[in-house]
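Residue-level listing of the chains:
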Amino acid sequence: MNDYSDTTTHIFCDHCGEDCTGNYPKSGDLSFCCQGCETIWNLLKENDLSSYYDLDNLPGISAKRKKYPDYNYLDDKKVQDRLIAFSVDHIHTIFFDLPQIHCTACVWLLENLNRINPGVLESRVNFLKKQCTVIFDDREITLVELVGFLDRIGYTPSLNFNQLDNRIKPLSDKSLIYKIGVAGFSFGNIMLLSFPDYLGLEGDSFTKFFGYLNIALALPVLLYSGRNYIDSAWQSLQLKRIGIDMPIAIGMLTLFLRSIYEIVLGGGVGYLDSLSGFILFLLVGRWFQARSYESISFERDYRSFFPIAVQVFVNGKWRNKIIDNLQARDTIMVRNQEIIPCDGVLLQGKARLDYSFVTGESKHIYPSIGDSVSVGGKQLGHAIQVQVTHEVEQSKLTKLWNEDIFNKRDIEKENIILNLIGKYFTIVILIIAIFTLVYWWFIDITQAFNSFTSVLIIACPCVLALSVPFIYGNALRLLSKSQFYCKNVFTLFDLSDIDIIVFDKTGTITDSEELKAEYQGKELTTTDMDKIKSLCFLSNHVLSKSIAKSLEEAKIIDIDSFIETPGQGIKGSIGKTIIKIGSSKYIRGSDEINASQTVYIEINGIEKGYFRFDNSFRKNIANVIRDLADKYDLAVLSGDNSAEKERVESLFPKSSDILFNQSPNDKLTYILNLQQAGKKVIMVGDGLNDAGALKSSDVGIVISSEENNFTPASDVIVSATSFSNFSKFIKYSYHLKYALYGAFLLALLYNSIGLGFAVSGHLTPIVAAILMPISSFSIMIYGLATSYILKPKRIKEYK
């Protein structure tokens with residue numbers, strides 16, 4: 001049993017560092033401010049995670065509270081449906097906003113929740129957004145218990161209540177507004193009390209008295225309004241790092257301590273007006289940046305996402321329908337390798353759903369007729385029919401596609417630019433500031449402190465950090481309007497560093513909409529055509545769809561079994577009839593080079609004939625290839641035979657690799673070999689037989705037709721209607737890096753001029769604080785302007 005102690009001395013919590021007051025829990029030599037901190041300390045110890053405390057002397061945020069909130073309302077099924085993003089069997093995915101996240105230790109703890117609680121399968125933190133994605137098993141931990149668990153360890157989720165009831169506003173962090181208010185109040189009053197000094201009026205008694213009042217007014221500004229900067233600098237020191245807030249914190253403390261010295265011992269008035277004004281303008285600048293960033297929505301919602309269309313049963317026929325227009329009780333078809341675009345109920349077919357896209361696990365789910373199925377599952381095998389139960393939230397697919405858990409890039413690589421800025425920029429500024437202080441010390445001590453502080457204020461690396469979201473973030477938005485959808489800004493970084501572009505052929509450089517099938521061979525009966533069309537209708541391959549489309553008069557009947565072998569063909573049974581449709585190797589057991597692309601038909605072991613296809617290349621393909629060949633190496637990998645080798649070779653440079661009869665594994669191996677040779681690779685495909693190559697490439701690009709070939713493995717999705725602008729999109733991403741270099745140059749110019757004035761003593765701290773938000777604003781305008789100016793002309797935008 002743990003004992004409890006009363007004390008009036010300062011005892012600090014061994015978990016979070018907060019004061020232990022009143023009847024606080026103890027465990028041996030350890031003290032805790034609350035039961036929650038004691039619980040998490042025991043959990044860390046039991047799970048061999050005590051190294052958590054090595055990351056930071058003050059990890060986490062205190063879980064101290066008088067009473068835990070009541071989360072029982074989360075047991076309501078309607079509430080859970082609103083909050084939980086994805087559900088598969090007993091596995092659920094939820095996105096939490098955790099405003100308490102503030103340091104490396106927080107990230108470390110939250111990403112190890114699965115080692116503390118067996119109900120948490122995986123968790124991943126987005127530090128910049130202070131968000132955590134949690135995948136949990138409700139058989140081990142309910143949503144109520146999960147939220148309560150996070151609350152106990154000091155990370156209370158800010159639940160988005162406006163999803164539950166539009167009358168209830170979401171919780172928001174207003175602390176920045178409060179801090180601005182405190183700083184503004186103190187700044188105004190300190191200036192008022194310092195007014196006699198501004199006029200040169202001398203009065204020792206009033207000067208001393210007003211000085212002490214100014215100290216009282218400045219204390220909440222420093223300890224409350226400016227605390228984030230000081231805390232961040234202190235934590236960086238504890239972690240033996242140099243953060244971007246360190247020069248600001250040093251400047252604040254220098255001004256404050258120098259002012260205390262002058263008021264208490266030197267008979268002066270100090271610089272507390274400059275300190276208060278400095279912190280006020282810093283906070284106003286931060287607020288302005290946040291509001292500007294929020295007002296320009298870089299997050300793609302369903303209205304700007306590419307239009308996934310599915311087969312919907314309308315008036316006795318299957319027709320394409322954009323999923324934005326789906327309504328409850330619509331019946332949709334999900335074919336082999338297609339993603340379920342909405343929540344629904346399984347009506348017909350043998351479902352084998354791969355939810356690795358959602359849960360990260362490769363376990364397959366086998367729902368029965370009448371069972372619920374969730375958005376994000378990929379059907380494998382037989383086509384299924386699903387009845388829509390809710391209006392489609394296409395933004396779910398967008399958010400999942402962008403989720404860090406399924407992203408190929410790790411967090412360290414993502415933040416490498418900011419880390420370099422924070423480290424080396426700060427070191428240089430500290431050296432310049434110390435040099436300035438030493439130089440002026442022997443000339444004018446007052447000027448020495450003013451110049452020292454001005455250097456630390458004017459040289460702010462946040463100017464550089466803003467250039468990335470405003471240049472690349474706005475570029476994402478502009479590209480999405482032209483139906484070129486990037487997963488995130490780091491995909492644009494990768495696109496600017498590519499050496500070779502590898503294309504699939506069928507459905508990628510050829511236009512599947514223009515593909516026409518012509519049958520040759522033994523005469524087919526009406527029953528034969530019905531069976532062939534029904535089998536092809538279940539496949540999402542462009543050749544299968546072309547065959548089904550060519551058999552206009554045939555009916556679609558139920559298929560008993562269905563098997564699709566990627567790159568070879570399909571097989572199904574209807575009663576006692578077995579049908580095989582595929583390549584020569586799939587039907588005959590050997591390859592055969594024909595004058596054109598062919599798909600053979602076999603019914604009950606007897607070859608009936610074949611469908612011949614005349615491929616049509618995509619519009620403007622020759623210009624696209626010519627533009628890309630000026631800068632990149634090009635290659636083509638096709639699963640088809642080499643009948644069209646000469647036509648394809650005529651489009652590409654002679655140095656390009658043009659390979660046929662490539663299996664999905666062959667394509668993957670080719671990509672891996674290029675990467676081992678040091679190449680940065682783009683793979684462009686239609687997502688059907690290219691998943692492995694798309695995922696392994698540095699950037700995977702899918703050409704999307706109007707039908708549902710949403711591909712989790714891709715980094716970029718391009719609408720087929722925008723393919724003629726493909727080379728312009730790639731070159732635009734390349735030119736953006738020069739816009740980023742320009743932002744760095746602009747920041748360097750601003751810092752050089754500002755530092756020149758600061759070092760020479762011609763810049764006061766308060767003027768420097770005013771210039772900081774102005775410089776940030778200029779970078780925002782520059783970022784937005786350059787991303788607009790560099791955008792390729794004559795590219796159609798879609799509303």
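Here is what the cut-offs are and how they apply
Residues numbered from 1 in each chain as written. Predicted model: local features only at pLDDT ≥ 70, side-chain atom pairs only at ≥ 80, totals over all residues. Heavy atoms only, no water. Axes fitted to C-alpha atoms, helices over the stretch in contact; angles between N-to-C directions. Helix = DSSP H or I, 4+ residues; strand = E, 2+ residues; numbered from the N terminus. Left-handed = near helix turned anticlockwise from the far one by under 90°. Contact = heavy atoms within 4.5 Å. Core = buried A, V, L, I, M, F, W, Y, C linked by side-chain atoms within 4.5 Å. Buried < 20%, exposed > 50% of the residue type's maximum accessible area, 1.4 Å probe, protein only. pLDDT = per-residue confidence, 0-100. Pairing = 2+ DSSP bridges.

**A few points about the packing of helix H21 (residues 526–537) against helix H22 (residues 542–550)**
Two numbers describe a pair of packed helices, the interaxial angle and the distance between the axes.
Part 1 of the argument: Across the interface, H21 lies against H22 with an axial gap of 8 Å and an inter-helix angle of 145°. In the crossing of H21 with H22, the sense of the turn from one axis to the other is left-handed. Residue-level inspection shows Ile532, Lys533, Cys536 and Phe537 of H21 in contact with H22, the latter providing Ser544, Ile547 and Ala548.

**Here we look at the nonpolar core**
Part 1 of the argument: Counting residues in hydrophobic clusters, the biggest one holds 48 residues, and the most contacted among them are Leu495, Phe503, Phe652, Ile701 and Phe726.
Part 2 of the argument: No other element matches the nine residues that helix H28 (residues 726–759) contributes to this core.
Part 3 of the argument: In this structure, phenylalanine 726 is in contact with Phe503, Val624, Leu628, Val684, Ile701 and Val718, ignoring residues within four places of it in sequence.
Part 4 of the argument: Leu83, Ile141, Val147 and Ile153 belong to the second-largest nonpolar core, a separate cluster that totals 30 residues.

**Overview of helix H6 (residues 143–152)**
Part 1 of the argument: Buried residues dominate H6, accounting for eight of its ten residues.
Part 2 of the argument: When H6 is considered as a whole, its buried residues turn out to be Leu143, Val144, Leu146, Val147, Gly148, Phe149, Leu150 and Asp151.
Part 3 of the argument: Phi for glycine 154, located one or two positions after H6, is positive at around 100°.

**Looking at the confidence of the model for the chain**
Part 1 of the argument: Across the chain, the average pLDDT comes to 75, with 73% of residues at or above 70.
Part 2 of the argument: Taken element by element, the predicted model of the chain shows its lowest mean pLDDT in helix H15 (residues 411–414) (42) and its highest in strand S24 (residues 577–582) (92).
Part 3 of the argument: The model gives residues 408–416 a pLDDT under 50, and that stretch makes 15 contacts with residues more than four places away or in other chains.

**A closer look at the sheet that holds strand S23 (residues 569–574)**
Part 1 of the argument: Strands sit in the order S21-S26-S25-S24-S23-S22 across an open sheet of six strands; the sheet is antiparallel. Edge positions in the sheet fall to strand S21 (516–521) and strand S22 (561–565), since each has one partner strand and no second. This sheet shows a mean twist of 20° between the axes of neighbouring strands, independent of strand direction.
Part 2 of the argument: Here S21 runs beside strand S26 (residues 606–614); their pairing, made up of six bridges, is antiparallel. Bridging across to S26, alanine 517 finds its partner in phenylalanine 613.

**Overview of the sheet that holds strand S27 (residues 633–637)**
Part 1 of the argument: Read across the sheet, seven strands follow the order S19-S31-S30-S29-S20-S27-S28 without closing on themselves; strand pairing throughout is mixed. The two strands at the open ends of the sheet, each matched to only one other strand, are strand S19 (484–486) and strand S28 (657–659). Sheet twist, expressed as the average angle between the axes of neighbouring strands with direction ignored, equals 15°.
Part 2 of the argument: In this sheet, strand S29 (residues 681–685) lies alongside strand S20 (residues 500–504) in parallel orientation, the contact comprising four bridges. Bridge pairing in S29 places phenylalanine 503 opposite valine 684.
Part 3 of the argument: The strands that helix H26 (residues 664–676) touches are S20, S27, S28 and S29; relative to S20, the one it contacts most, it runs at about 175°.

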